[in-house]
Every structure is written in structure tokens, then in C-alpha cells.
Amino acid sequence: MSSALRHPLPGDASRATPEVRLSVEQVSYAYAPNPSQAPLFTLEAMSFQARPGELVAILGPNASGKSTLLKLISGSLAPLSGRIFLNGFETHSLPVKTRAQRIALVQQESRLLFPSRAWEFVMQGRHPYGGGLRFESEEDILIANNALAQVGATELADRWMDKISGGEKQRVILARALAQQPLLLLLDEPTLHLDIGAQVDLLESLRRLAAQNPRNSRTGFSSAAFRGDDSLRPAARNAFFK
């Protein structure tokens with residue numbers, strides 16, 4: 001997981017150490033329709049860490065809680081017990097805008113809500129840095145173009161998103177996440193629906209980005225965690241479900 005297309009944010013050093021970017025500490029979760037009912041789903045306590053420049057694959061059978069763990073790490077869910085720290089701050093306690101600047105989550109399915117060209121889609125990654133309605137700045141355009149270049153998608157900039165292949169679309173979606181300049185990149189089954197060639201290209205892009213200056217705050221991303229099947233096992237250090 002590598003350092004990000006991101007400017008450092010004030011106070012990031014309060015709890016962080018040079019060795020650990022993400023710390024998942026005895027985190028558990030349970031879901032029940034209401035407090036009087038027994039949980040329908042339980043995620044047992046687990047712990048692991050991710051360091052700058054590192055990729056972590058979250059593997060396990062269906063319905064084992066992989067997507068739930070990603071949501072907990074992203075801060076969109078609060079854990080039942082335990083704590084999750086990113087660069088020294090509990091993720092679910094961060095303001096939504098701050099979380100969007102520090103964490104980029106690539107969902108399993110990224111629906112196109114309206115027609116857009118690839119560069120417009122990537123520019124959505126700059127929204128966490130704006131205030132209300134605004135036009136993109138020169139810096140936003142530079143960061144979006146750099147993100148497209150990082151994933152080898154510069155030639156797709158003016159293509160319509162619904163006219164490109166699945167592998168090309170996944171690269172553009174990754175570029176949008178990089179345009180957020182995140183400390184942490186989360187991907188939910190990033191190779192789903194991709195043919196084997198596109199899977200290899202995407203995983204090689206993640207490896208290359210993670211290896212590029214993992215402590216430089218303007219390239220790549222700081223850490224990445226992704227869920228998938230056993231085909232992703234060679235791509236990263238693994239966090240397994242028991």
C-alpha cells in the first residue's frame with residue numbers, strides 16, 4: 001500500500017507510527033433487525049495491520065463478513081467492539097468529508113448515474129475537497145490527469161464510460177479513487193466480471209502503485225486492502241477469516 005496522490009492533513013501524526021498505517025484491533029460486529037432479537041450475522045473479533053506500501057487481501061468464503069469488514073474499515077459502520085485506526089485516528093469517528101479525503105472505497109459495482117466521459121468520472125474523486133457547488137480548479141484537473149496516467153488510462157480520457165470495456169472501466173474507476181488522494185484504498189472484489197487478462201493488468205497496476213514511493217504523499221496511495229477469491233492470493237499479504 002503506497003503513499004497517496006494526497007496532501008498531508010493537519011494532525012495526522014497524533015497516533016500514527018512510521019511502521020503502521022492501518023490498525024484493526026480486536027474488531028467485531030453483529031447485525032440484528034432490533035435489539036430484542038438475536039443477531040442474524042456476527043463478525044468475530046479480528047486484528048491485523050497494514051503498513052505504507054503494502055497490499056492486504058481479505059479472503060474467505062461467501063457470507064463470512066468480508067464486505068462488512070471493508071465497511072468497518074471505511075468508517076461507514078461502527079464496530080461492536082474494538083477499534084480501527086487510520087494514521088492514528090478512529091475511522092468511524094472522522095467527519096464524512098475528512099473520511100472521503102483519507103479513504104477511497106471502490107465498490108463491487110460502480111453504477112453510472114448519468115452519461116459521462118472518463119475524465120469527468122475521475123473528476124468526481126475531487127468532490128471531497130470542494131465546498132458546495134464549484135468549478136474544478138487547475139490543481140483538480142492536474143490530479144485527475146495524473147490519476148488517469150497512473151493506471152495507464154490517459155487515452156481513455158475523452159471516451160464515454162458506457163462505451164469502454166470492463167477492464168478499461170475498472171482502470172478509470174481506480175483512477176477516480178486515486179484522485180481522492182487517499183491514505184487508504186479499499187477495493188471490494190476489484191476483479192469481478194473481468195477476464196483473466198484484465199485481472200492480471202489490474203493487479204499489476206495495484207502492485208506498481210503500491211511500490212511507487214510508499215512514503216511520498218503525492219503518488220500512489222498509502223495502503224490498500226481488497227477482498228476477493230483465491231485468485232488474488234499471490235497479489236498481497238493475506239488477512240484470512242477463520
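Here the structure is a predicted model, which is why all the values come from computation and not from measurement. Throughout this document, residue positions are counted from 1 along each chain, in the order its sequence is written. The predicted nature of this model means local features are confined to residues of pLDDT at least 70 and side-chain atom pairs, given and counted, to a pLDDT of 80 or more, with totals for whole chains, interfaces and linings taken over all residues. The side-chain figures draw on all heavy atoms in the structure; neither hydrogens nor water molecules are used.

### Let's talk about the overall build of the protein chain
Heads up, the rule is: Under the scheme used here, helices are H or I runs from DSSP no shorter than 4 residues and strands are E runs no shorter than 2 residues, and both carry numbers assigned from the N terminus. With a 1.4 Å probe rolled over the protein chains alone, any residue whose accessible area is under 20% of its type maximum counts as buried; one over 50% counts as exposed, and the rest are partly exposed. The Shrake-Rupley method, run with a 1.4 Å probe sphere, supplies the accessible areas, and residue values consider only the shown protein chains as cover.
When you go through the protein chain residue by residue, the secondary structure sums to 6 helices and 9 strands. Here the protein chain holds 242 residues, and 48% of them are scored as buried. Surface summary for the protein chain: the accessible area is close to 11,900 Å², and the carbon and sulfur share equals 54%.

### Quick notes on the pattern of salt bridges
Counted only if it meets this: By definition here, a salt bridge exists when the distance from a side-chain nitrogen of Lys or Arg to a carboxyl oxygen of Asp or Glu is within 4 Å.
Counted by the stated rule, this structure contains 4 salt bridges. Notably, a salt bridge pairs D140 with R126, separated by 2.9 Å at the nearest N-O pair. Residue D140 is found in helix α4 (residues 138-150), and its partner R126 is found in the loop between α3 (118-123) and α4; the two are separated by 14 residues along the sequence. R126 shares its class with D140; the two are buried. Here E155 ties to R171 by a salt bridge, and the two come within 4.0 Å at their closest N and O atoms. Taken together, the residues E155 in the loop between α4 and α5 (166-179) and R171 in helix α5 connect sequence positions 16 residues apart.

### A word on the nonpolar core
Note the following rule: Nonpolar cores are built from buried Ala, Val, Leu, Ile, Met, Phe, Trp, Tyr and Cys residues. Side-chain atoms within 4.5 Å join them into one set. Working rule for contacts: check all heavy atoms of both residues, and any pair within 4.5 Å makes them a contact.
Within the largest apolar cluster, 34 residues are counted, with the highest numbers of intra-cluster contacts made by V122, V151, V172, L174, L185 and L206. Sorting the residues of this core by element identifies β6 (103-106), α3, α4, α5, β7 (184-188) and α6 (196-211) as the ones contributing at least two each. The element best represented in this core is α5, accounting for 7 residues. Apart from residues no more than four positions distant in its own chain, L174 is found in contact with V151, L185, L187, L202, L206 and L209. Within the second largest apolar cluster, 21 residues are counted, among which are L43, I84, I103 and L183.

### Overview of the sheet that holds strand β5 (residues 89-90)
To keep things clear, this is the line we draw: A pair of strands is considered paired only if DSSP assigns at least 2 bridges between the two.
Across the sheet, which stays open at both edges, the 4 strands sit in the order β2-β1-β4-β5 with antiparallel pairing between neighbours. Lying at the two open borders of the sheet, with one neighbouring strand each, are β2 (41-50) and β5. The pairing of strand β1 (residues 22-31) with strand β4 (residues 81-86) spans 5 bridges and is antiparallel. Note that in β4 the partner of V24 across the bridge is I84.

### Some remarks on the side chain of T68
Looking at the secondary structure, you find T68 in helix α1 (residues 66-74). In this view, T68 contacts Y29, F41, L43 and L77; residues no more than four positions away in its chain are not counted.

### A few points about the environment of F48
Mapping F48 onto the fold places it in strand β2. Overall, F48 belongs to the buried group, its relative accessible area being 9%. Taking the C-alpha atoms as reference points, F48 and V27, separated by 21 residues in sequence, lie 9.6 Å from one another.

### Examining the packing of α5 against α6
Rules: Whenever a helix is involved, its axis is fitted only over the stretch in contact; in every case the axis is a line through C-alpha atoms, and angles between N-to-C directions fall within 0 to 180 degrees. Roughly parallel refers to an angle under 35 degrees, roughly antiparallel to one over 145, roughly perpendicular to one between 65 and 115, and oblique to any angle outside these ranges. Handedness of a crossing is defined here by the sense of rotation of the near helix relative to the far one, left-handed for an anticlockwise turn of less than a right angle and right-handed for a clockwise turn. When residues are sorted by character, Ala, Val, Leu, Ile, Met, Phe, Trp, Tyr, Cys and Pro go into the nonpolar class, Asp, Glu, Lys and Arg into the charged class, and all the rest, Gly among them, into the polar class.
Relative to each other, α5 and α6 sit at 20°, their axes nearing to 9 Å. The angle between the axes of α5 and α6 places the two elements in the roughly parallel class. You can see that α5 and α6 cross each other, and the crossing is right-handed. Taken together, the residues of α6 that come into contact with α5 (itself represented by G167, Q170, L174 and L178) are A198, L202, L206 and L209. Among the residues forming the contact of α5 with α6, the class breakdown is 6 nonpolar, 2 polar and no charged.

### A word on the confidence of the model for the protein chain
This is how the line gets drawn: Confidence scores here are pLDDT values: one per residue, from the predictor, ranging 0 to 100.
On average, residues of the protein chain score 80 in pLDDT, and 79% of them reach the 70 mark or higher. Predicted confidence for residues 1-16 stays below pLDDT 50, and this span has 87 contacts to residues more than four positions away or in other chains.

### Focus: the packing of aromatic side chains
What counts is decided by this rule: Any two of the Phe, Tyr and Trp rings considered here, Trp counted by its six-membered ring, make a pair once their centres fall within 6.5 Å; the pair's planes then place it as stacked at under 30 degrees, edge-to-face at over 60, or tilted in between. By definition here, charges over rings are those cases where NZ of Lys or CZ of Arg is within 6 Å of the ring centre and within 35 degrees of the ring normal.
In total, this model carries 0 aromatic pairs according to the counting rule given. Over the face of the ring belonging to F89 we find R102, whose NZ or CZ atom lies 5.0 Å from the ring centre. Positioned over the ring face of Y129 is R126, at 4.2 Å from the centre of the ring.

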